[in-house]
Amino acid sequence: MRALLLVDHGSRRAAANEMLAEVASLVKAQEPELPVYVAHMELAEPTIAQGLQACVDGGATAVVVVPYFLSHGRHVTEDVPRLVAEAAACHPGVSVEVAPPLGLHPLLAELVLHRAGLRK
């Protein structure tokens, strides 16, 4: 079974961390059969290791980690992959891959126009 693990930076503010759970709910609404979990890179729990453990505990044999970041900065190119690799080492029978960040996707342009009030 495949699972999705959404990862953001993490914050000391609970409301900021709870937003990732709301994003997970939106994804789940689009793909009801897909197990979707969340984790934070730092500053809050669940950590990436805890999030990956939750995926495995839920029966996942393959996990796609999606960085909830816009750019290919240090967190996406170094920190998240390192933390994922460290966590994955505890689950040798589980396939774990890190997807690209949200980055330059055409849907982001539509979202920017929507937020600017130029699209409905």
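As shown above, the structure is provided for reference.
Note that the structure is a prediction, hence the values are computed from the model and not measured. (Residues numbered from 1 in each chain as written. Predicted model: local features only at pLDDT ≥ 70, side-chain atom pairs only at ≥ 80, totals over all residues. Heavy atoms only, no water.)

Q: In this structure, what is going on with the nonpolar core? I would like to understand it.
A: Note that soluble globular proteins tend to have their nonpolar side chains buried in a common cluster. Leu5, Val7, Ile48, Val63, Val65 and Val80 are the most contacted members of the largest nonpolar core, which totals 18 residues. Of all the secondary-structure elements, those providing two or more residues to this core are strand S1 (2-8), helix H2 (48-57), strand S3 (62-67) and helix H3 (74-88). In terms of residue count, H3 provides more of this core than any other element does, five residues in total. Setting aside residues no more than four positions away along its own chain, valine 65 makes contact with Leu5, Val7, Val80, Val84, Val96, Glu97, Val98 and Ala99. (Core = buried A, V, L, I, M, F, W, Y, C linked by side-chain atoms within 4.5 Å. Buried < 20%, exposed > 50% of the residue type's maximum accessible area, 1.4 Å probe, protein only. Helix = DSSP H or I, 4+ residues; strand = E, 2+ residues; numbered from the N terminus. Contact = heavy atoms within 4.5 Å.)

Q: Just to check I follow, could you spell out H3 for this structure?
A: The end-to-end C-alpha distance of H3 is 20 Å, a good match for the 21 Å that 15 residues give at a rise of 1.5 Å each. Of all the bends found along H3, the most pronounced is centred on valine 80 and spans about 25 degrees, while proline 81, a proline, follows it within four residues. Of all the positions in H3, only His75, Val76, Asp79, Val80, Val84, Ala87 and Ala88 are classed as buried. Close packing links the buried residues of H3 with S1, H2, S3 and strand S4 (95-98). (Expected span 1.5 Å × (residues − 1). Bend = angle between axes of the 7 residues up to and from the residue.)

Q: Whenever I open this one, H2 confuses me. Can you help?
A: The α-helix winds at 3.6 residues per turn, so residues separated by three or four positions along the chain end up facing the same way. Listed in full, the buried residues belonging to H2 are Ile48, Gly51, Leu52 and Cys55. Buried positions in H2, seen along its axis, are confined to an arc of 95 degrees and lie on one side of it. Of the residues trailing H2, glycine 59 is marked for its positive phi of about 100 degrees. (Arc of directions from axis to C-beta.)

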